[in-house]
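Summary of the model geometry
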Amino acid sequence: MGCDELRAALIKFNITPTREELQQMIDSISVDCRGINFQAMVDYCSLYHPLRDVEREYQEAFRVYDTKGTGQISRKDLATCMSSSQISNTDFESLMDKVDINKDGVIDFEEFKTMMKMQW
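The shown structure was predicted, so the numbers you read here are calculated from the model rather than taken from an experiment.

**Considering the packing of aromatic side chains**
Aromatic ring pairs are reported here in terms of the distance separating the ring centres and the angle at which the planes meet. Within this structure, the stated rule accounts for 3 aromatic pairs. Ring centres of Phe62 and Phe109 lie 5.4 Å apart, and the angle between their planes is 85°; on these two criteria the pair is classed as edge-to-face. With a gap of 47 residues between them, Phe62 in helix H4 (residues 54–65) and Phe109 in helix H7 (residues 109–117) connect regions that are remote in the sequence. You'll find Phe62 and Phe109 in the same group, each marked buried. Here the aromatic rings of Phe62 and Phe112 are separated by 5.3 Å at their centres, their planes lie at 75°, and the arrangement is edge-to-face. Of the two residues, Phe62 is situated in helix H4 and Phe112 in helix H7; the sequence distance between them amounts to 50 residues. In terms of burial, Phe62 and Phe112 fall into one category: buried.

Pasting the structure below:
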């Protein structure tokens with residue numbers, strides 16, 4: 001992907017860099033000054049939040065934990081997904097207590113998003 005292709009892709013996101021800025025982007029991403037290969041572009045875009053659909057990413061992650069598709073993550077759902085991790089029962093209960101903000105015993109999507117944004 002050269003400067004012209006990069007410009008066309010960025011314009012779709014209302015980003016209008018100068019030719020010099022485009023070249024700086026290419027130089028910072030790729031070892032080839034003529035352009036960016038596909039994988040380098042995907043890697044770069046995944047780090048640039050305005051080009052990501054973070055809400056969709058949260059929804060996809062939520063579906064992994066919501067094993068029954070109820071729109072809620074139960075303690076059992078969370079335990080099943082985390083069973084391969086090194087988390088202790090005490091840590092697991094602490095996590096549930098922190099994340100289940102409304103204390104209804106399950107994690108809904110909004111609580112899940114809050115958990116994903118937490119600094120641990």
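**Observations regarding the side chain of Asp100**
Within the element layout of this structure, Asp100 appears in the loop between helix H6 (89–99) and strand E2 (106–108). Among buried Asp, Glu, Lys and Arg side chains, Asp100 stands out as unpaired, with Arg75 the closest opposite charge at 5.3 Å. Those residues within four positions of Asp100 in sequence are excluded, and the remaining contacts are Gly105, Val106 and Glu111.

**Quick look at the side chain of Asp66**
Along the chain, Asp66 falls in the loop between H4 and strand E1 (72–74). One buried charged side chain, Asp66, makes no salt bridge at all; its nearest oppositely charged neighbour is Lys68, positioned 7.4 Å away. Once you skip the residues sitting within four places of it in the chain, Asp66 turns out to touch Gly71, Gln72, Ile73 and Asp77.

**Some words on the packing of H4 against H7**
In contact at an axis separation of 10 Å, H4 and H7 are set at 110° when each is read in the N-to-C sense. The angle between the axes of H4 and H7 places the two elements in the roughly perpendicular class. Contacts between H4 and H7 pair Glu55, Tyr58, Gln59, Ala61, Phe62 and Tyr65 from the former with Phe109, Phe112, Lys113, Met116 and Lys117 from the latter. Across the contact of H4 with H7, the residue classes tally to 7 nonpolar, 1 polar and 3 charged.

Basis of the calculations
Residues numbered from 1 in each chain as written. Predicted model: local features only at pLDDT ≥ 70, side-chain atom pairs only at ≥ 80, totals over all residues. Heavy atoms only, no water. Phe/Tyr/Trp six-rings, centres within 6.5 Å; stacked < 30°, edge-to-face > 60°. Helix = DSSP H or I, 4+ residues; strand = E, 2+ residues; numbered from the N terminus. Buried < 20%, exposed > 50% of the residue type's maximum accessible area, 1.4 Å probe, protein only. Lys, Arg positive; Asp, Glu negative; His and termini not counted. Salt bridge = Lys/Arg side-chain N within 4 Å of Asp/Glu carboxyl O. Contact = heavy atoms within 4.5 Å. Axes fitted to C-alpha atoms, helices over the stretch in contact; angles between N-to-C directions. Parallel < 35°, antiparallel > 145°, perpendicular 65-115°, else oblique. Nonpolar A, V, L, I, M, F, W, Y, C, P; charged D, E, K, R; others polar.

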